[in-house]
Amino acid sequence: MPDIPPQFRARVRHEPDRSYAVLVEGPDGEVLAGATDSLREVRTVAREGAARLFGVPVDQIAEAHLDVVIPQPPYGRDGQWVRIVSTDDPTGTESLDLGRAGQAHWFGHGGAWFVTVAGSGTAVHPSEHLDFAPVLTDDEAAELRRYLGRSAQPPA
């Protein structure tokens, strides 16, 4: 059985279908641990992969000792307009923005996006919840520009 490192490292690779491939650093280098369609599942896939690589029960891979690096996906850029196309909880508060356009900024620490929606504010959304090539109506674009312009103004 290989020595268990004090810290486990994993890296996420964004796939063309917008899923997440999770690669874990093992005794023989980086190994594909698995894939998922959900940002919420990335850490679970990484823990399970590390447990398999080191031949230990998954409960021996402490969450506090797992570093997961999620780079900004190649299909998104800071400041671009997006549309929120899904949510994890269709009855929750984030569902109020479902179908609405917003401006996205990468939140690297969380591996997700800060999305500002006119009249609603800013919330964090994973990539799989966003359309990065939305078609906005003239009214949507004007409303978003006005909202973003007002929010950029310093308080009086």
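The model shown is predicted, which means the values in this text are computed figures rather than measured ones.

**What about the sheet that holds strand 9 (residues 130-131)?**
Pairing is antiparallel across the open sheet formed by 5 strands, whose spatial order is 8-7-6-5-9. Because the sheet does not close on itself, it has two edges, and the strands there are strand 8 (121-125) and strand 9.

**So, the pairing of strand 8**
As defined by bridge partners, strand 7 (residues 112-117) adjoins strand 8 across 5 bridges and the pair is classed as antiparallel. Of the residues in strand 8, the one forming a bridge with Thr-116 is Thr-122. Between strand 7 and strand 8, which follow one another and run antiparallel, lie 3 residues, and Gly-119 among them has a positive phi close to 80°.

**Remarks on the sheet that holds strand 4 (residues 66-69)**
In space, the 4 strands of this open sheet follow the order 3-2-1-4, with mixed pairing throughout. Both outer strands of the open sheet, strand 3 (29-36) and strand 4, are each paired with one neighbouring strand and no more. For this sheet, the mean angle separating the axes of adjacent strands, direction not counted, is 25°. Of the strand pairs in this sheet, strand 1 (residues 8-14) and strand 2 (residues 20-26) are connected by 5 bridges, and their pairing is antiparallel. Bridged to His-14 within strand 2 is Tyr-20. Sitting on the sheet, helix 1 (residues 42-54) is in contact with strand 1, strand 2, strand 3 and strand 4, with an inclination near 35° to strand 2.

**Some remarks on the side chain of Arg-83**
Looking at the secondary structure, you find Arg-83 in strand 5 (residues 81-84). Polar contacts involving the side chain of Arg-83 include one to the main-chain carbonyl oxygen of Gly-99, which spans 2.7 Å. Leaving out residues up to four positions away in the same chain, Arg-83 has contacts with Gly-99, Arg-100, Ala-101, His-129, Leu-130, Asp-131, Pro-134, Val-135, Leu-136 and Glu-140.

Each value, and the rule that gives it
Residues numbered from 1 in each chain as written. Predicted model: local features only at pLDDT ≥ 70, side-chain atom pairs only at ≥ 80, totals over all residues. Heavy atoms only, no water. Pairing = 2+ DSSP bridges. Helix = DSSP H or I, 4+ residues; strand = E, 2+ residues; numbered from the N terminus. Axes fitted to C-alpha atoms, helices over the stretch in contact; angles between N-to-C directions. Contact = heavy atoms within 4.5 Å. Polar contact = N/O pair within 3.5 Å; in protein donor to acceptor, adjacent residues only side chain to side chain.

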